Amino acid sequence: MREQDFYAVLGLDPDADEQAVRAAYRRAAREHHPDRGGSAAQFHRIQEAWEVLGSPQSRADYDRRRGTSAASADSPAPTEEGAGFTYSRTSAARSGRERADARTRRGSPARSASADRDPVYEPPLSEPEPLRLPLTSQRVHGHFPTRGLFGGGRVARRHRRSAEILEKHVLSDLSAARLFNDVYVTALTTDKKGRRRPPKNAERVDHVLLCGHTLMLVSSLEIPAHTASWNGRSLRAAGRSIALDDLSAHAKRLRHVLTARLQSAYGQDPSLSLDYQHVLLAADGDLFHPVVESLGPGRHGSAPAAAGRAIGHIANVLGSADRANLVDRRLMAALRDQLVTPDTD
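What counts and how
Residues numbered from 1 in each chain as written. Predicted model: local features only at pLDDT ≥ 70, side-chain atom pairs only at ≥ 80, totals over all residues. Heavy atoms only, no water. Axes fitted to C-alpha atoms, helices over the stretch in contact; angles between N-to-C directions. Helix = DSSP H or I, 4+ residues; strand = E, 2+ residues; numbered from the N terminus. Parallel < 35°, antiparallel > 145°, perpendicular 65-115°, else oblique. Left-handed = near helix turned anticlockwise from the far one by under 90°. Contact = heavy atoms within 4.5 Å. Pairing = 2+ DSSP bridges. Core = buried A, V, L, I, M, F, W, Y, C linked by side-chain atoms within 4.5 Å. Buried < 20%, exposed > 50% of the residue type's maximum accessible area, 1.4 Å probe, protein only. Expected span 1.5 Å × (residues − 1). Arc of directions from axis to C-beta. pLDDT = per-residue confidence, 0-100. Lys, Arg positive; Asp, Glu negative; His and termini not counted. Salt bridge = Lys/Arg side-chain N within 4 Å of Asp/Glu carboxyl O. Polar contact = N/O pair within 3.5 Å; in protein donor to acceptor, adjacent residues only side chain to side chain. Phe/Tyr/Trp six-rings, centres within 6.5 Å; stacked < 30°, edge-to-face > 60°.

## Some points on the packing of helix H8 (residues 247-266) against helix H10 (residues 329-336)
Here's step 1: Their axes nearest at 10 Å, the elements H8 and H10 cross at an angle of 120°. When the axis of H8 is compared with that of H10, the two are oblique. Note on packing geometry: the crossing formed by H8 with H10 is right-handed. Contacts between H8 and H10 involve Leu258, Arg261, Leu262 and Tyr266 from the first element and Arg330, Leu331, Ala333, Ala334 and Leu335 from the second.

## Section: the sheet that holds strand E8 (residues 227-230)
Here's step 1: Read across the open sheet, the four strands follow the order E10-E9-E8-E12; overall the sheet is mixed. The sheet is open, and its two borders are formed by strand E10 (240-242) and strand E12 (291-294), each paired with just one other strand. Strand after strand, the sheet turns through a mean of 35° between neighbouring axes, direction not considered.

## Things to note about the nonpolar core
Here's step 1: Counting residues in each nonpolar core, the largest one holds 26 residues, and the members touching the most others are Phe180, Val208, Leu215, Leu217, Leu258 and Leu335.
Here's step 2: Where this core is concerned, the elements lending two or more residues are strand E3 (178-184), strand E6 (204-211), strand E7 (214-223), H8, strand E11 (273-282) and H10.
Here's step 3: Setting aside its immediate chain neighbours within four residues, Leu258 contacts Leu215, Leu272, Leu331, Ala334 and Leu335.
Here's step 4: The next biggest cluster of nonpolar side chains, apart from the first, holds 23 residues, and it includes Cys211, Met216, Val218 and Ile311.

## So, helix H2 (residues 18-32)
Here's step 1: Here H2 is 15 residues long and its end C-alpha atoms lie 21 Å apart, about the 21 Å a rise of 1.5 Å per residue gives.
Here's step 2: Every buried residue belonging to H2 is among Val21, Ala24, Tyr25, Ala28 and Ala29, and all of these are buried. Angularly, the buried residues of H2 cover 130° about the axis, an arc narrow enough to put them on a single face. Opposite its buried face, H2 presents the exposed residues Gln19 and Glu31, each directed more than 90 degrees away.

## Regarding the confidence of the model for the protein
Here's step 1: Mean pLDDT for the protein: 81, with 81% of residues reaching 70 or above.
Here's step 2: A low-confidence stretch, residues 69-107 (pLDDT under 50), is modelled with 69 contacts involving residues beyond four sequence positions or located in other chains.

## Some thoughts on the side chain of Arg329
Here's step 1: Here Arg329 lies in helix H10.
Here's step 2: For Arg329, which is buried and forms no salt bridge, the nearest opposite charge comes from Glu127, at a distance of 5.7 Å.
Here's step 3: For Arg329, the side chain forms a polar contact with the side chain of Thr136, separated by 3.3 Å.
Here's step 4: Excluding anything up to four places from it in sequence, Arg329 contacts Tyr121, Glu122, Pro123, Pro124, Leu125, Glu127, Pro128, Glu129, Pro130, Leu131, Arg132 and Thr136.

## Observations regarding the packing of aromatic side chains
Here's step 1: One pass over the structure, following the stated rule, counts three aromatic pairs.
Here's step 2: Here Tyr7 and Tyr62 contribute two aromatic rings whose centre-to-centre distance is 5.9 Å and whose plane-to-plane angle is 40°, an arrangement assigned as tilted. Pair noted here: Tyr7 is in helix H1 (residues 6-10) and Tyr62 is in helix H4 (residues 56-67), with a separation of 55 residues, a long-range link.
Here's step 3: The buried category is assigned to Tyr7, whose relative accessible area is 1%.

## Focus on the pattern of salt bridges
Here's step 1: Here the structure, examined in full by the defined rule, presents 11 salt bridges.
Here's step 2: With a closest N to O distance of 2.2 Å, Arg64 and Asp61 form a salt bridge. Of this pair, Arg64 and Asp61 are both found in helix H4, three residues apart, which corresponds to roughly one turn of the helix.
Here's step 3: Classification of Asp61 as partly exposed rests on a relative accessible area of 28%.
Here's step 4: Where Asp173 meets Arg111, a salt bridge forms, and the shortest distance between an N and an O atom there is 3.0 Å. With Asp173 in the loop between helix H7 (154-169) and E3 and Arg111 in the loop between helix H5 (96-105) and strand E1 (120-122), this residue pair connects regions lying 62 residues apart in the sequence.
Here's step 5: For Asp173, a relative accessible area of 15% translates into the label buried.
Here's step 6: Residues joined in a network through salt bridges with shared partners are Arg111, Asp116 and Asp173.

See below:
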């Protein structure tokens, strides 16, 4: 497979200046916007072209790759379903190697060779502590407390749905990855009976994915509209601004809490890498809606995205982690201490 020609997607010559790129993106986005009868798949390709060509650094990287591939200039037109996506509806059928090659071509982090190896446990499983074998082997930890009548509240449904998506599309691709649901990001206190308690108004995050020493914080949000816009700071959909959790601040707090916990309990000082992603869920269950129009610069990982695109970014980051097949039992134990509603083995 050859890398998509993003210049052709926007109808540009490779020597177009920044102003021409921006104008071409806006023109193409207006023409193919789904609200105006355009194709969602084509609109996604336009967004991806802008993500690459709209940043001088990513454009320079793309031009270098493009210059080393004689076939890139006459790349065939992509198909409608999933083309140009980091993660598509058909990607689940690819082998791990094919997915890794596709990610590398699109400028995403290359999949680590360790991601496809058998898990390595530290400390080894022969040691009973700090986490017993059943909990060490468990892929999903923590559950969401019941909200609403008979657990049927909208928030509970959203949490269950996003957890199922992450389990199906991320955990299935990374054997060492673990999913933690409903996690406090602030330090807990210990009461007189030795029980760990959260402080008043403790902040939490919907999900934390762990692979090696890389953590991905995930917040999910259901969007009623099929389209939304993101200007690098705020999200708008259905004519209103939508508040997003400050995952950047949550990541900093959680890093501090986990590092302090590992140092005090185990004398361990690992270098933790944290990233975050807002996952947008469509009411109709379509993983590739809502379509998010990018109106300004923003770090790719922090830009909210429909589940189909977001899980691709999440899998890319975790799969490219150093020692992606590592299961750190001490770090797992520290994360379990942060669960809002712990489970038991």
